[in-house]
Structures are given as structure tokens and as C-alpha cells.
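Read off the chains here:
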Amino acid sequence: MDTEKTYTLQDLETTEFDGTPLAVVGHPIQHSVSPAMHNAALAKLSESDSRFKDWAYYRFDIAPEDFSRALPLFHKRSFLGLNLTIPHKVQAMDLIQGVSPDAKCMGAVNTLVWDEFGYDGFNTDGVGLSRGLEVDLGISLKGANVILLGSGGAARAAAVQCVLSGCAQLHVGNRTPARLQDLMSLLDGMSGCDHIQTFALSALPQDLPSEGVVVNATSLGLKAGDPAPIDVAQLPDGWKVYDMIYNPSATALLQQADARGLQIANGLSMLVHQGARALEIWSHVKVDAHVMMAAACHALKLPPRYD
Ligand code: NAP
């Protein structure tokens, strides 16, 4: 089978996928680098463990209205693992047999694991962010001061991860107040972080501690010409800035923070580490994230990274 191709619902209905198939499922999905990352990691794993020689990771374009029909077919075709991306992460929660506690808090699943009765759901975005911050910026979420921008799906995962990790302070800002309030209600019943506050994106919180990290989980920056969501001039000198957006590789937020001399990183490490964690869940072995990073850089036509 061709792991470069984008498969459809019809392919799923008519085609047997040999060996141990895995897939990313989304709409649109054409530009996903997940197949490149995962197949590179599987090739590496199979060098030392023949069990992985027949594992392959595919890409499926499934429209939201077809997802409930597709999921039982993936199960019937014995897809061991699925990664879900926009727009399936929330809808899937009602269609699977079990959801991990942290994914339940996040309200979304991005990783499904087959068993004979159905799929179990996990969310590896929070762990991906946490590892990305460690690798790129040397930040542990435990005890960290965090300013989180956004209140969509990615921000929910990030906020829950911050609280579960025991961050010191969490300030969350969003353009639309109602959505921000939804996120705050979600965090309400959780323990792990004593100081959770909201702010308006136009006015950063006052009296910030000397060190911390801004995490951008808004989609502002995806389009050319998008402005930065906050004014980085208001951040104390010891703050660092992480933007979940990795394409473009330097948003206006990162450019302005860099010009101010703040340490910055983009979301490529989050992408790679959420993928590595998913493959660890499926394979039960430690996965080399460096191999996935190299494959992601190659697929995105970025210079190689060796961290
Ligand atoms: P989403 O659910 O659609 O949420 C979008 C967020 O962006 C909302 O908070 C929205 O605010 C805000 N926003 C959109 N346009 C804005 C504007 N003009 N000004 C201010 N805020 C604006 O999307 P998502 O799934 O959370 O994804 C958010 C970002 O994270 C995307 O760029 C995505 O590519 C990135 N991401 C990266 C990774 C990774 O692995 N690196 C993983 C997941 C997501 P309102 O509530 O006001 O609309």
C-alpha cells in the first residue's frame, strides 16, 4: 500500500490494509506531516524489532458527516491506532468505548487505540506541549508561570495540562469572552494550580513575576500579515514565548519577542512530541522523537534540527 496517498471512505470500504495499519484522519488532511513522521519512526523501530516491519501509517480524508460511518470500518479493518485531527477530535468522544481521564477533561481525543470491542481515546496534545516546552525552552510546567492565549481546542488541552502538571500561575486570555468563560468552567473543578485568572488580550495581567512563558494557542499568526495577539513589550525580561503555530515558522508574535531578546520557540516540537507519545501508546516501546523531528522538517521543507 502507498503511504504517500490520501485515502477516502470508499477506499476503506473496498480495500484490505495488510499488516498493522495506523492512520491520521482529518478533513482537510492533504498537508499533514504525520505520515512522514510516523513512517520514519516505524522504519527506525523495525531496524531493532522485526515486530514493526509490517506496521504502516496512512492518511485518510474523511468529512465530518462520514466520520461515524468510517470509525466502525477502521475497526473492522483492524487499524490498531488512529490519530484524529480537525474536525473529528470532539465528535469522536461520543463514538468510542472509553476515554482517558485527561482527555475527558480536555473534551477531545487525538489518539485512538483498537481493542476487540472498539476504540479507546487519549489526548497527547498536552504532553506534546509539555515536552516541547522542556526541549525547546528548558521549561517544566510544574511550578511555571503561564500566560495562555486562546480558548479553542488546543488551548483547552494546554490549560488542562498546565493544571495537571501543577503550574504556579495560569493566566488565560481570549478574544471572545464567552469561550474564555467556558474554558474557565472546565478548569473550575480541577485541582493543581491555585492561581487561575483571566485577562483581555489587549491588556496583559499586571504585576507579572519575573519569569514565565507565554503559550499562543490562538490561530492568529497562521495567515501572512496576521498581527501578534499581545504586545510583547509588556512582558518582563525573563519571559519566554512559545507559539503552537509552526507553519509559518516565525509568527509576528515570535518575531517581536525575538527582537526584544526573549527566548522563543514554535510548535513543531509540540507536533513531534504529541506524535511520539501516540506511537508509544500504540507500540508500548520508547520512540525516538529525533527521527520524527527530522522527518517533519524534511516534509515541511525546513532546515534539519538536531536537538
Ligand atoms: P480553534 O479551536 O479554532 O481555536 C482558535 C482560537 O484562536 C480561539 O481561541 C480563537 O478565539 C482564536 N482566534 C482566532 N482568530 C483570532 C483573532 N483574529 N484574534 C484573536 N484570537 C483569534 O483552533 P485550535 O484547534 O485550538 O488551534 C489553535 C492553534 O493551535 C492553530 O493555529 C493550530 O494550528 C495550533 N495547533 C498546533 C498544534 C501543534 O501540535 N503544534 C496542535 C494543535 C493546534 P475566539 O474564541 O475569539 O474565536
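Quick caveat, the model's predicted, so the values are computed rather than measured.

1. Observations regarding the nonpolar core
Logical step 1: Among the nonpolar cores identified, the biggest contains 32 residues, and Leu-133, Val-146, Leu-148, Leu-170 and Leu-187 are the most heavily contacted of them.
Logical step 2: Every element with two or more residues in this core is listed here: α5 (125-137), β8 (145-149), α6 (153-165), β9 (169-173), α7 (177-188) and β11 (211-216).
Logical step 3: Element by element, the count of residues in this core is highest for α6, at seven residues.
Logical step 4: Among residues more than four places away in sequence, those in contact with Leu-148 are Ala-155, Ala-158, Ala-159, Leu-170, His-171, Val-172, Gly-173, Phe-199, Val-215 and Ala-217.
Logical step 5: In this structure, Ala-41, Phe-52, Leu-279 and Ala-296 belong to the second largest nonpolar core, which totals 28 residues.

2. What to know about unusual backbone geometry
Leaving glycine aside, a negative phi is the common case for residues, and trans is the common case for peptide bonds.
Logical step 1: Pro-28 follows His-27 through a cis peptide bond whose omega is 5°.
Logical step 2: Within the fold, Pro-28 resides in the loop between β2 (20-26) and α2 (34-48).
Logical step 3: A cis amide bond, omega 10°, links Asn-247 with the succeeding residue Pro-248.
Logical step 4: Mapped onto the secondary structure, Pro-248 falls in the loop between β12 (238-243) and α8 (252-259).
Logical step 5: Although it is not a glycine, His-284 sits at a positive phi angle of roughly 60°.
Logical step 6: Tracing the chain through its elements places His-284 in the loop between α9 (268-283) and α10 (289-299).
Logical step 7: One non-glycine residue, Lys-301, adopts positive backbone phi at about 60°.

3. A look at the pattern of salt bridges
Logical step 1: One pass over the full model with this rule turns up nine salt bridges.
Logical step 2: The residue Arg-260 makes a salt bridge to Asp-237 at a minimum N-O spacing of 2.6 Å. One end of the pair, Arg-260, is in the loop between α8 and β13 (263-266); the other, Asp-237, is in the loop between β11 and β12, and 23 residues separate them in sequence.
Logical step 3: With relative accessibility at 28%, the residue Arg-260 sits in the partly exposed group.

4. Section: the site of the ligand
Logical step 1: The environment of the ligand is formed by 20 residues, the closest being Ser-151, Ala-154, Asn-174, Arg-175 and Thr-176.
Logical step 2: Here an oxygen atom of the ligand and a backbone polar atom of Ser-151 are 2.9 Å apart.
Logical step 3: At a separation of 3.1 Å, an oxygen atom of the ligand approaches a polar backbone atom of Ser-219.
Logical step 4: Protein contacts shield 77% of the accessible area of the ligand, which totals 920 Å² for the unbound molecule.
Logical step 5: When residues of the shell around the ligand are traced back to their parent elements, those giving at least two are α6 and α9.

5. Describing the packing of aromatic side chains
Logical step 1: Scanning the entire structure with this criterion turns up twelve aromatic pairs.
Logical step 2: Plain terms: the ring middles of Tyr-7 and Tyr-58 are 5.6 Å apart, the flat faces sit at 90° to each other, and that makes the pair edge-to-face. Placement of Tyr-7 in strand β1 (residues 6-7) and of Tyr-58 in strand β3 (residues 55-61) is noted, with a sequence separation of 51 residues between them.
Logical step 3: Residue classification places Tyr-7 among the buried positions, given a relative accessible area of 3%.
Logical step 4: A relative accessible area of 4% places Tyr-58 in the buried class.
Logical step 5: An aromatic cluster is defined as three or more aromatic residues linked by ring pairs; in this entry it consists of Tyr-7, Phe-17, Tyr-58, Phe-60, Phe-74 and Phe-79.

6. A word on the pairing of β9
Logical step 1: Taken across its five residues, β9 has four buried, putting it largely inside the fold.
Logical step 2: Alignment of β8 against β9, held across five bridges, turns out to be parallel. Bridge pairing in β9 places Asn-145 opposite Gln-169.
Logical step 3: By the bridge criterion, five bridges tie β9 to strand β10 (residues 195-199) in an arrangement that is parallel. Residue pairing across strands places Leu-170 opposite Ile-196, the latter belonging to β10.
Logical step 4: Since β9 and β10 lie parallel, the crossover through α7 that links them has a hand, and here it is right-handed.

What counts and how
Residues numbered from 1 in each chain as written. Predicted model: local features only at pLDDT ≥ 70, side-chain atom pairs only at ≥ 80, totals over all residues. Heavy atoms only, no water. Core = buried A, V, L, I, M, F, W, Y, C linked by side-chain atoms within 4.5 Å. Buried < 20%, exposed > 50% of the residue type's maximum accessible area, 1.4 Å probe, protein only. Helix = DSSP H or I, 4+ residues; strand = E, 2+ residues; numbered from the N terminus. Contact = heavy atoms within 4.5 Å. Salt bridge = Lys/Arg side-chain N within 4 Å of Asp/Glu carboxyl O. Near = heavy atom within 4 Å. Polar contact = N/O pair within 3.5 Å; in protein donor to acceptor, adjacent residues only side chain to side chain. Areas by Shrake-Rupley, 256 points an atom, 1.4 Å probe, with all protein chains shown as cover. Phe/Tyr/Trp six-rings, centres within 6.5 Å; stacked < 30°, edge-to-face > 60°. Pairing = 2+ DSSP bridges. Right-handed = clockwise from strand over helix to strand, strands pointing away.

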